[in-house]
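Listed here are the chains, written in short residue letters.
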Amino acid sequence: MGKLTVGALRAVLALVLAGTVFVQALMVWALATDPEDGSLPLSTLRLITIPGMVTVQVALVCVWRLVTMVRRGTVFSHAAFRYVDGVIGAIVAAALVWFAVTAVNAPGQREDPGVTVIMGGVGVAILGVALIVLVLRTLLAQAVARDVEAAHMQAELDEVI
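Structural notes, computed from the coordinates.

Criteria and thresholds
- Residues numbered from 1 in each chain as written.
- Predicted model: local features only at pLDDT ≥ 70, side-chain atom pairs only at ≥ 80, totals over all residues.
- Heavy atoms only, no water.
- Helix = DSSP H or I, 4+ residues; strand = E, 2+ residues; numbered from the N terminus.
- Rg over C-alpha atoms; globule rule 2.2 N^0.38 Å.
- Buried < 20%, exposed > 50% of the residue type's maximum accessible area, 1.4 Å probe, protein only.
- Core = buried A, V, L, I, M, F, W, Y, C linked by side-chain atoms within 4.5 Å.
- Contact = heavy atoms within 4.5 Å.
- Salt bridge = Lys/Arg side-chain N within 4 Å of Asp/Glu carboxyl O.
- Axes fitted to C-alpha atoms, helices over the stretch in contact; angles between N-to-C directions.
- Parallel < 35°, antiparallel > 145°, perpendicular 65-115°, else oblique.
- Left-handed = near helix turned anticlockwise from the far one by under 90°.
- Nonpolar A, V, L, I, M, F, W, Y, C, P; charged D, E, K, R; others polar.
- Expected span 1.5 Å × (residues − 1).

1. Examining the overall build of the protein chain
Phase 1: Summing up its helical and strand segments, the protein chain has four helices and zero strands in all.
Phase 2: Walking the protein chain from its N terminus toward its C terminus, one meets helices and strands in the order α-α-α-α.
Phase 3: For a compact globule of 161 residues, the expected C-alpha radius of gyration is about 15 Å, and the protein chain comes in at 21 Å, more than 25% above that figure.
Phase 4: Taken along the three principal axes of its C-alpha coordinates, the protein chain extends 80 × 30 × 20 Å.
Phase 5: Counting across all 161 residues of the protein chain, residues that qualify as buried make up 27%.

2. Description of the nonpolar core
Phase 1: With 15 residues, the main nonpolar core has Leu66, Met69, Ala80, Val84, Val133 and Leu140 as its most contacted residues.
Phase 2: Counting residues per element, this core draws most heavily on helix 3 (residues 79-105), which supplies seven residues.
Phase 3: Other than its neighbours up to four places away in sequence, Ala80 contacts Leu66, Met69, Val75 and Leu140.
Phase 4: Among the nonpolar cores identified, the runner-up in size contains five residues, and Leu45, Ile48, Val97 and Met119 belong to it.

3. Examining the environment of Leu66
Phase 1: By the element assignment, Leu66 lies in helix 2 (residues 42-72).
Phase 2: A relative accessible area of 16% means that Leu66 is categorised as buried.
Phase 3: Separated by 18 residues in sequence, Leu66 and Val84 place their C-alpha atoms 7.9 Å apart.
Phase 4: If we ignore the near neighbours within four places in the chain, the residues touching Leu66 are Val75, Ala80, Tyr83 and Val84.

4. So, the pattern of salt bridges
Phase 1: In total, this model carries one salt bridge according to the counting rule given.
Phase 2: Its salt-bridge partner being Arg137, residue Asp85 comes within 2.5 Å of it at the nearest N-O pair. Note that Asp85 is positioned in helix 3 and Arg137 in helix 4 (residues 114-160), a separation of 52 residues in sequence.
Phase 3: Note on Asp85: relative accessible area 35%, which makes it partly exposed.

5. Some remarks on the packing of helix 1 (residues 3-33) against helix 2
Phase 1: Remark: helix 1 packs on helix 2, axes separated minimally by 9 Å, with the N-to-C direction vectors making an angle of 160 degrees. As far as their axial angle goes, helix 2 and helix 1 are roughly antiparallel. Note that helix 1 runs across helix 2; the crossing there is left-handed.
Phase 2: Tallied by class, the residues present in the contact of helix 1 with helix 2 amount to 21 nonpolar, six polar and four charged.

6. Considering the side chain of Thr55
Phase 1: With respect to the secondary-structure elements, Thr55 resides in helix 2.
Phase 2: Classification of Thr55 as buried rests on a relative accessible area of 10%.
Phase 3: Non-local contacts of Thr55, meaning those with residues more than four positions away in its chain, are made with Ala90, Ala93 and Ala94.

7. Overview of helix 1
Phase 1: Helix length check: helix 1 (31 residues) gives 45 Å between terminal C-alpha atoms against 45 Å at 1.5 Å per residue, within 8%.
Phase 2: Next to the buried residues of helix 1 lie helix 2.

8. Overview of the packing of helix 2 against helix 3
Phase 1: Two elements in contact, helix 2 and helix 3, have axes separated by 9 Å at closest approach and are oriented at 160 degrees. On the basis of the axis angle, helix 2 is roughly antiparallel to helix 3. Helix 2 and helix 3 meet at a crossing whose hand is left-handed.
Phase 2: A breakdown of the residues in the contact of helix 2 with helix 3 according to their chemical character gives 21 nonpolar, four polar and one charged.

Below, the structure is given as structure tokens:
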């Protein structure tokens, strides 16, 4: 991975991280100062937004660490699994947060239940992303195993020579 690519990715990750912190601060401020008008359960949605942003932040930090490992050439190691597992956990948690938003929003959608169905579908799609990352984790495990095997074979070859 080139320096320009890593720099651009890190800039995007930092910008998104700053944005999530800003949204969390706004939600806390809104909870403290803005009363509900009764049209939606705003306090509940604001409370749900805070852990939702935490899931994004966890995923961002894990991706940042993985990018660092890629840049150093150490991503094919057992240490990378911790960060990949963190991304998977964050995505699953984000799906659960989304299902909570869907449940809070559902009573207001009695006239048009299609919105709730669509929101549920989005939650399932988020879980699908977690499954894709799980498949990628399996590929990483295979690559790490091959790397360890290659190192072992190289050590044996070095002994013979």
